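# Structural characterization, general
Below, each chain spelled out in residue letters.
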Amino acid sequence: MRKNYIIGLIFAIVLLTGCSSGGNDPQPVAPAERGLAMTFGSQMTGTRATEKTTMAAGDRLGVFAFSQGSKPWDSWTTKTANLMYNQLMTVNSSNGLDYSPTRYWLPDNLYSFFAYYPYTATTTGEVKSTDEGVIITTGADGIGEGSGMGSLIYHTPQSADNQQELMVSDLISDRSITASSTTAPEVNFTLHHVLSALAFKLNLSSLSSDYTVGTIDSVRLTNIVTRGALSSVCNGGVTTRTWSAMGNGDMLVTNYDNSKPESKWFMVIPQAFTTDMEIYLYANYTTAANSTAQKIAIHANMVNDLKIESVYPGIKQTYTLTPSASHVLLSADGSEYTLWSGSKALGTSAVSISADKYLVSAMTKKGSKLVVYYTVANTTDSYQIKVNSGYDVTLYDATYAAVSNTTYTYIAEITLTAEQVAQLKQNSGNTDPLLTISTDKENVVTLTGVTLKP
């Protein structure tokens, strides 16, 4: 396994492509009095394309254009988008680009251009953490005066249903016409996919042959890089694009179809994964034995279980999750998930409950309930039940009066506070059990189940 990266530190995934002068040389004929209008077109690369494969009428691009005088791009130090700054252009029915106001070629003047999709209006100053989608800013992290090709900031929408593909062009550099030209070549942008596209399929065959997948409710990616800056530099005829991490978060796909996982992609910022980045599936399944619908919650690790260490620009990949029983929680209707079931006599030595801690902590929030089910033997004395988070923090400690009903199942219900939830989440990465349960009397209380009401 290659070396893990630390989340939150800046990393780079680089894509190198050629800067392009593009098109045919203009014909040496006399110019119109006002000058020749700049015309534009667009197309897409087909290699490793993700969800969007063609440009369509009505698609909107943002364009940056540079008027350089006699200075070639590589020796021009200012590199200011002084002709067009985030100019809106709209694809027409002929794959040309409509824009306003029209710009004109100045003979013997050098021009360079690049574009991105989808267009977003320019903002000024610091980017807010709540911003989603493509962000064009004149602030320190954006494309500003004198910053050359600058950066596009991208914040992945939390709901993948709101995602759009992100594409950028190479720099089209050092274009010009002569004083004798009466036509000018069209500037054609070739757009490249710069996000990764991931889909996930569920296979329950490792649990039991009776389990068949019905409808997947949702798929959540958590603790991935969801906010990054895509910086582009063109030097010596090569465009270099570099992703830098700016923040982590979650992504969610709802109404997922397990038979057609590719119908909904996660558009992910290229990044390296580490073992603390988890993928969660919350799914319905039907048991073939009795056709009873139940809920299932599943957790898989991107690196350890799916063997995904990095994702790169333009990839399109479907991964199949085949979870083991240790990463699965079952529920009749999704309201209460089983963490443990059986029959275990409790005493002063604590019994360990070792359900998947990461999955439990991910499902748990303030107000969630842990429920302990137990029966009691005949006794003339009171008894105590104590529940700890791992070996350390007490979640529940209560004393009950003697009972004589040995056939009744009693419950101890723990409504979790914000502090207790934080403790569970903190303990998710260590080797302690999820819970420990004990009593102050030997062989009085028999534990029969522990559940979670998320």
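Residues numbered from 1 in each chain as written. Predicted model: local features only at pLDDT ≥ 70, side-chain atom pairs only at ≥ 80, totals over all residues. Heavy atoms only, no water.

## Re the overall build of the protein
Test applied: Helix numbering and strand numbering both begin at the N terminus, where a helix is a DSSP run of H or I of at least 4 residues and a strand a DSSP run of E of at least 2. Buried means the residue's accessible area, taken with a 1.4 Å probe over protein chains only, is under 20% of the maximum for its type, while exposed means over 50%, and partly exposed covers the values in between. Calculation of accessible area relied on Shrake-Rupley with a 1.4 Å probe; when residues are assessed, cover is drawn exclusively from the protein chains displayed.
On a plain count of helices and strands, the protein comes out with two helices and 32 strands. The burial tally for the protein puts 50% of its 454 residues in the buried class. Carbon and sulfur atoms form 48% of the exposed surface of the protein, whose accessible area is close to 19,900 Å².

## Section: the sheet that holds strand β29 (residues 393-400)
The following threshold applies: Two strands are counted as paired when DSSP detects at least two bridges linking them. Here an angle of 0 to 180 degrees is reported between the N-to-C directions of two axes, which are lines fitted to C-alpha atoms, with helices fitted over the stretch in contact.
The strand order β26-β31-β28-β29 describes an open sheet built from four strands, whose pairing is antiparallel. Each edge of the open sheet carries a strand with a single partner, namely β26 (351-353) and β29. Between one strand and the next, the sheet's axes are offset by a mean angle of 15°, whatever the strand orientation. The pairing of β26 with strand β31 (residues 435-439) spans three bridges and is antiparallel. Bridge pairing in β31 places S352 opposite T436.

## Comments concerning the nonpolar core
For the record, the criterion: By nonpolar core is meant a set of buried Ala, Val, Leu, Ile, Met, Phe, Trp, Tyr and Cys residues that side-chain atoms within 4.5 Å join together. We call two residues contacting when some pair of their heavy atoms lies within 4.5 Å.
L339, Y374 and I437 are the most contacted members of the largest nonpolar core, which has 38 residues in total. In contact with Y374, not counting residues within four places along its chain, are Y383, I385, Y400, Y408, T409, Y410, I411, A412, V445, T446, L447 and T448. Among the nonpolar cores identified, the runner-up in size contains 31 residues, and A160, F200, Y285 and I298 belong to it.

## Structural notes on the pattern of salt bridges
Any two side chains of opposite charge can pair, so long as their charged atoms come close to each other. Heads up, the rule is: By salt bridge we mean one thing: a side-chain nitrogen of Lys or Arg within 4 Å of a carboxyl oxygen of Asp or Glu.
Tallying each qualifying case throughout the model produces six salt bridges. The salt bridge partner of E413 is K369, with a shortest N-O separation of 3.9 Å. With a gap of 44 residues between them, E413 in strand β30 (residues 410-415) and K369 in strand β27 (residues 369-376) connect regions that are remote in the sequence. With a shortest N-O distance of 3.3 Å, E413 and K453 are connected by a salt bridge. With E413 in strand β30 and K453 in strand β32 (residues 445-453), this residue pair connects regions lying 40 residues apart in the sequence. Among the charged side chains, a salt-bridge network with shared partners connects K369, E413 and K453.

## Thoughts on the pairing of strand β28 (residues 383-389)
Residues in a regular strand point their side chains to alternate faces of the sheet. Here β28 lies mainly inside the structure; five of its seven residues are buried. Hairpin connection of β28 to β29: three residues between the antiparallel strands, including G390 at a positive phi of 60°. Of the pairings in the sheet, the one linking β28 to β31 comprises five bridges and is antiparallel in character. Paired with K386 across the strands is S438, a residue of β31.

## Some details on the environment of A197
Relative to the elements of secondary structure, A197 occurs in strand β15 (residues 196-202). Exposure remark for A197: the relative accessible area of 0% places this residue in the buried category. Note: C-alpha distance between A197 and K316 (119 residues apart in sequence) is 4.7 Å.

## Quick notes on the sheet that holds strand β18 (residues 266-268)
An order of β18-β15-β23 is seen for the three strands of this open sheet, with the pairing classed as mixed. Since the sheet does not close on itself, it has two edges, and those belong to β18 and β23 (316-321), each with one partner. Ignoring strand direction, the axes of neighbouring strands in this sheet form an average angle of 30°.

## Here we look at the packing of aromatic side chains
What counts here: Note on aromatic pairs: the rings of Phe, Tyr and Trp (six-membered ring only in Trp) are paired at centre separations within 6.5 Å, and the planes decide the class, stacked below 30 degrees, edge-to-face beyond 60, tilted for the rest.
Enumeration according to the criterion identifies 20 aromatic pairs in this entry. Consider the rings of F40 and F113, whose centres lie 5.6 Å apart with planes at 75°: the pair is edge-to-face. In this pair, F40 sits in strand β3 (residues 40-44) while F113 sits in strand β8 (residues 110-117), placing the two residues 73 residues apart along the sequence. Judged by its relative accessible area of 0%, F113 falls in the buried class.

## With respect to helix α2 (residues 418-426)
We apply this condition: Here, the arc refers to the directions that run from the helix axis to the C-beta atoms.
Of all the residues in α2, the buried ones are Q420, V421, Q423 and L424. Angular distribution of buried residues about the axis of α2 spans 155°; they occupy a single face of the element. Opposite the buried face of α2, at more than 90 degrees from it, the exposed residues are E419 and Q426. The inward-facing, buried residues of α2 abut α1 (357-363), β28, β29 and β30.

## Side note on the environment of S382
Relative to the helices and strands, S382 resides in the loop between β27 and β28. In this structure, the C-alpha to C-alpha distance between S382 and K441, residues 59 residues apart in sequence, is 8.8 Å. Sequence-distant contacts of S382, that is, excluding residues within four places in its chain, are made with T399, Y400, A401, A402 and K441.

## So, the environment of V127
Within the element layout of this structure, V127 appears in the loop between β9 (122-123) and β10 (133-137). Take V127: its relative accessible area is 12%, and that puts it in the buried class. If we skip the residues at most four places from it in the chain, V127 touches I135, T137, I153 and R227.

## Notes on unusual backbone geometry
In this structure, P101 follows S100 across a cis peptide bond, with omega equal to 0°. For the bond running from Y117 to P118, omega is 0°, close enough to zero to count as cis. As for its placement among the helices and strands, P118 is situated in the loop between β8 and β9. Phi is positive for D174, close to 55°, though the residue is something other than glycine. Tracing the backbone through its elements, the reader meets D174 in strand β13 (residues 172-175).

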